[in-house]
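Each chain, letter by letter, is given below.
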Amino acid sequence: MSTRRTFLKQGGLLAGASLLPMHHIMAEVMGIEAGEMKPLRRNVGIYMERGGTIGWMIDKEGVIVIDTQFPDQAKNLIGKIKEKTDRQVDLLINTHHHGDHSGGNIAFKGFVKQIVAHTNSKFHQERVAKERGTLEKNLLPDTTYDTNWSKKIGGETVSLHYFGAGHTSGDTLIHLENANVVHMGDLMFNHRMPNIDAVAGASIKNWIKLLKQARRTFDKDTLYIFGHAGQGFEVTGSAADLKEMEIYLKKLLKYVKKEQKKGTSLEQLKEKTELIPKAEDWQGGRFKNVNLQVAWDELKQA
Ligand SMILES: [Zn+2]
């Protein structure tokens, strides 16, 4: 146990370290090199530097990009796309509003035909940018949808699904149907305690339902892309990984509920908790207290 704890603490340090070479961090965390256009299936792949995992589809008649990390990373990605095609980006999709997924949109100005996100995602992108006084540094979606949205791009059909609140109130599941790849955005933190953005309307209870709905909507062959992963875990996986995330969220609620019944205060709970009991393989880090806080508030409201 002590070895594991040490490992986890080092993991926490690594995630925030800027002195270590990027490729060292990425290789350990993701199984993908920083700056690599890693192919997955057909013409679909992922790109990773700093921030949420980017998805891409490039063929002769169309280019799709899913999420943009930050401006510098997005510029590097555009360089990589230009090595593969003369086309501009036909469609850019934001899985949700967070800066590590949509902050790089601005780099695509003049290089993208259409940007789509869920209505709530656009709302929060605009809200946060106004709060920070950075609206002119953002490139917002020009298209929004509420439940479903679909378009044919090159040889691929891309379908957007909204299953309600989860990590935020505006998370899109993106199905590249022919490749049968689904980008989950931050609805999937693979074996890492997730950020849960209550200010932006997150819901742990609905997140559990939503993951189940995803497993029912897509099939056994579906390959999933995850927004983030814990150290030593991959940013792609299967329905079994979605199931594990459901179980983690259930364990979180169960643990907090039990502690509330025992009369533990929220402060005591934050103080004494390092990992969630029976979910110790879900690595902690900076969102541990957020997990406890949001679970606490949701259960008190119920
Ligand atoms: Zn996020």
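Preceding this section is the structure that the text describes.
Below or above, wherever it landed, is the structure these notes cover. (Residues numbered from 1 in each chain as written. Predicted model: local features only at pLDDT ≥ 70, side-chain atom pairs only at ≥ 80, totals over all residues. Heavy atoms only, no water.)

1. Regarding the environment of Gly35
For the record, the criterion: By the criteria applied, helices consist of DSSP H or I runs no shorter than four residues and strands consist of E runs no shorter than two, each listed in order from the N terminus. The contact criterion used throughout is that any non-hydrogen atoms of two residues lie within 4.5 Å.
Position of Gly35 among the secondary structure elements: in the loop between helix 2 (22-30) and strand 1 (37-41). Among all residues touching Gly35, those that are not within four sequence positions of it are Tyr47, Met48, Glu49 and Lys80.

2. Here's the deal with the pairing of strand 4 (residues 62-66)
Our working rule: Relative accessibility under 20% of the residue-type maximum defines a buried residue, over 50% an exposed one, and the middle range a partly exposed one, all with a 1.4 Å probe and only protein chains included. For two strands to count as paired, DSSP must find a minimum of two bridges between them. Here is how to tell: hold the view so the strands point away, follow the path from the first strand over the helix to the second, and if it runs clockwise the crossover is right-handed.
Where burial is concerned, most of strand 4 is hidden: five out of the five residues are buried. Pairing of strand 3 (residues 54-59) with strand 4 involves five bridges; the strand directions are antiparallel. Across the sheet, Ile58 pairs through a bridge with Val63, a residue of strand 4. Counting the residues in the hairpin turn of strand 3 and strand 4 gives two residues. Sheet topology note: the strand 4/strand 5 (residues 91-93) ladder contains three bridges and is parallel. Bridging from a neighbouring strand, Val65 pairs with Leu92 of strand 5. Handedness of the crossover joining strand 4 and strand 5 through helix 3 (residues 71-84): right-handed.

3. Re the coordination of the zinc ion
Put simply, the test is: Metal-coordinating donors are taken as N, O and S atoms lying within 2.8 Å of the metal, or within 3.2 Å when the metal is Na, K or Ca; because water is left out, some sites can appear incomplete. Under the classification used here, a metal with four donors is tetrahedral if each angle lies between 85 and 135 degrees, square planar if opposite donors are over 155 degrees apart and the others between 65 and 115, a six-donor metal meeting that same test is octahedral, and anything else is irregular.
In this structure, His96 (NE2), His98 (ND1), His167 (NE2) and Asp186 (OD) serve as the protein donors to the zinc ion, at separations of 2.1 to 2.2 Å. Viewed at the metal, the four donor atoms of the zinc ion are separated by angles of 88 to 168°, and the geometry they form is irregular. Counting gaps between the donor residues of the zinc ion yields the pattern H-x1-H-x68-H-x18-D. His98 matches His96 in its accessibility class, with the two residues each being buried.

By themselves, these figures tell us nothing about what the structure is for.
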